[in-house]
Amino acid sequence: AAGSPAALAVGPAAPLDGYLGSGPARRVVVLVICGVVAGSGWWLLDRRRRRVAIADAIAADDPRLPVTTTLVHVVLQVVTVALGSPLGREVAPREASATFASWFCERVGLTRDERRLLIACAAGAGLAAVYDVPLGGALFTLEVLLSTVDRGAVVAALAPSVVAASIPWVVLGDASQYRVPAWPVDASLIAWSVVVGPLLGLVAKGFRALGGAAEKAARLVDRRGALLALAVFAAIGALSVPLPQILGNGRVPAQLAFDGALFASAALTLLVVKGLVVMAALRAGAHGGLLTPALSCGALLAVALGAAWSAWWPGPAPGAYALVGATAFLSTSMAMPLTAIVLVFELTRVSHDFVVPIVCAVGGSVATGTWSKRALERRRPVP
């Protein structure tokens, strides 16, 4: 697992094959192009048109998404992620689906509540389709976008998510996003989940806060933001020469963690660099998802924590710690504990035996994240 990047690749379908086959010079050039597209594309878009987030559209008195603006925003995300942006690819299909739903609602004259429901369900269906997670897409709609468990909303969320996830099976097949072996679940893993859950929650809360601050700062820049994006993505390209694992939405480092192909030191190195490039991309004005980057950061952190724990109380393979840690980190960083649990089970199709350690870790993570949030709120001066 140590040594050159190629030594981190495991199996015939090793996740690093595509990056290593491109060559260092090509990676740098492509990331420079990505910086040009990100910087100029979003600067021009924001200069001329106002974008509306899905959550803002759902909460508005007149729920709607601007069709042209949002679709251009979607295309920019797809292109930059394809060029190696470290952000996730799940926001683009959510916004595209929600935009078409918004356009349809305007044509048929639905009520405000009906439009809110349809836009939210379409967004969840977009997530379900891109990652083959029908239940996860429905839960995302209910837990994150609508914050309800109303019976009608549950049915409305499930139907489009199941259909959306089923259609890609015809072309791509019904394959899981991540490969994981059949790890055993023992007392060591469960105890580790209870102990490290709160720590994962604190780090995940910091990840969420930094991401929000980076996005807010990016909205305050002028045309110089295009030059900043070029510089940031050029730097990411340079970092990808020794560490090609940092490119893309985070699937590669997460898969390496699940494969047990990383020493603790390598995992910590990737965690720091991956976290930095994600925040830098957000600060430079790029857009994309944080779901898979958060998943990978949680998996990498858990590899290091699992290695330290195993030296004291030997447990299962490092990948088992990575899976549990990734779920706990994702649940707090994205503020969606139920969705995170279901997503990880659907993304990996791991044994249901992992329900116990995952729930223990997620419970500790969410509790600590909530406590830290309230502690900060109490310290803020009253205006």
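The structure presented is a predicted model; accordingly, all values stated were derived computationally and were not measured.

**A short note on the side chain of serine 193**
Reasoning step 1: Tracing the chain through its elements places serine 193 in helix α10 (residues 187–218).
Reasoning step 2: The contacts of serine 193, once residues within four sequence positions are left out, are Val324, Pro357, Cys360 and Ala361.

**Considering the nonpolar core**
Reasoning step 1: Judged by nonpolar contacts, the single largest core of 91 residues is most densely connected at Trp192, Phe258 and Phe354.
Reasoning step 2: A total of 11 residues in this core trace back to one element, the largest contributor, which is helix α14 (residues 291–312).
Reasoning step 3: Sequence-distant contacts of phenylalanine 258, defined by excluding residues within four places in its chain, comprise Tyr178, Arg179, Val180, Pro181, Trp183, Ala299, Gly319, Ala322, Leu323, Ala326 and Thr348.
Reasoning step 4: Cys121, Ala138, Leu142 and Ala157 belong to the second largest nonpolar core, which has five residues in total.

**A few points about a nonpolar patch on the surface**
Reasoning step 1: Taken together, the side chains of Trp103, Phe104, Val108 and Leu118 define a hydrophobic patch exposed on the protein surface, amounting to about 340 Å² of accessible area.
Reasoning step 2: A total of three residues in the nonpolar patch trace back to one element, the largest contributor, which is helix α5 (residues 91–108).
Reasoning step 3: For valine 108, the location among the structural elements is in helix α5.

**Some details on the confidence of the model for the chain**
Reasoning step 1: Within the chain, residue pLDDT values average 86, and 90% of them lie at 70 or more.
Reasoning step 2: Counted against residues more than four places away or in other chains, residues 1–13, with its pLDDT under 50, gives 26 contacts.

**Points about the pattern of salt bridges**
Reasoning step 1: Evaluated as defined, the whole model comprises seven salt bridges.
Reasoning step 2: Across the salt bridge formed by arginine 51 and aspartate 46, the nearest N and O atoms sit 2.9 Å from each other.
Reasoning step 3: Judged by its relative accessible area of 39%, aspartate 46 falls in the partly exposed class.
Reasoning step 4: It is possible to trace a salt-bridge network through shared partners that takes in Asp62, Arg64, Glu106 and Arg115.

**Structural notes on empty space enclosed by the protein**
Reasoning step 1: Using the criterion set out here, one finds one cavity of 30 Å³ or more in the structure.
Reasoning step 2: Approximately 40 Å³ is the volume attributed to the largest cavity.
Reasoning step 3: Residue lining of the largest cavity: Arg89, Tyr131, Gln177, Tyr178, Asn249, Arg251, Thr292 and Leu347, and that is the complete set.
Reasoning step 4: Of the residues that constitute the lining of the largest cavity, the class distribution is three nonpolar, three polar and two charged.

**Considering the environment of leucine 158**
Reasoning step 1: Among the structural elements, leucine 158 can be located in helix α8 (residues 151–166).
Reasoning step 2: A residue is classified by how much of its surface remains accessible, and leucine 158, at 32% relative accessible area, is partly exposed.
Reasoning step 3: Taking the C-alpha atoms as reference points, leucine 158 and leucine 139, separated by 19 residues in sequence, lie 8.2 Å from one another.
Reasoning step 4: Excluding anything up to four places from it in sequence, leucine 158 contacts Leu135 and Ala138.

**Describing the side chain of serine 331**
Reasoning step 1: Note on placement: serine 331 falls in helix α15 (residues 318–333).
Reasoning step 2: Residue class for serine 331 comes out buried when judged on its relative accessible area of 1%.
Reasoning step 3: The residues contacting serine 331, other than those within four sequence positions of it, are Met336, Pro337, Ala340, Val362, Ser365 and Val366.

**Things to note about unusual backbone geometry**
Reasoning step 1: Unlike most non-glycine residues, serine 147 shows phi in positive territory, near 50 degrees.
Reasoning step 2: Along the polypeptide, serine 147 turns up in the loop between α7 (134–146) and α8.

**A short note on helix α16 (residues 337–348)**
Reasoning step 1: Look at α16: 17 Å from first C-alpha to last across 12 residues, which is about the 16 Å you get at 1.5 Å a residue.
Reasoning step 2: With nine of 12 residues buried, α16 lies mostly within the body of the structure.
Reasoning step 3: Every buried residue of α16 is accounted for by Thr339, Ala340, Ile341, Leu343, Val344, Phe345, Glu346, Leu347 and Thr348.
Reasoning step 4: Arginine 349 sits one or two residues past α16 and shows a positive phi near 55 degrees.

The rules behind the values
- Residues numbered from 1 in each chain as written.
- Predicted model: local features only at pLDDT ≥ 70, side-chain atom pairs only at ≥ 80, totals over all residues.
- Heavy atoms only, no water.
- Helix = DSSP H or I, 4+ residues; strand = E, 2+ residues; numbered from the N terminus.
- Contact = heavy atoms within 4.5 Å.
- Core = buried A, V, L, I, M, F, W, Y, C linked by side-chain atoms within 4.5 Å.
- Buried < 20%, exposed > 50% of the residue type's maximum accessible area, 1.4 Å probe, protein only.
- Patch = residues over 30% accessible without salt bridge, like charges linked within 9 Å, V, L, I, M, F, W, Y side chains within 5 Å.
- Areas by Shrake-Rupley, 256 points an atom, 1.4 Å probe, with all protein chains shown as cover.
- Salt bridge = Lys/Arg side-chain N within 4 Å of Asp/Glu carboxyl O.
- pLDDT = per-residue confidence, 0-100.
- 1 Å grid on protein atoms, 1.4 Å probe; cavity = no way out; pocket = protein on both sides within 12 Å on 5 of 7 lines; lining within 4 Å.
- Points joined across faces, edges and corners; volume = space filled by probe spheres on them.
- Nonpolar A, V, L, I, M, F, W, Y, C, P; charged D, E, K, R; others polar.
- Expected span 1.5 Å × (residues − 1).

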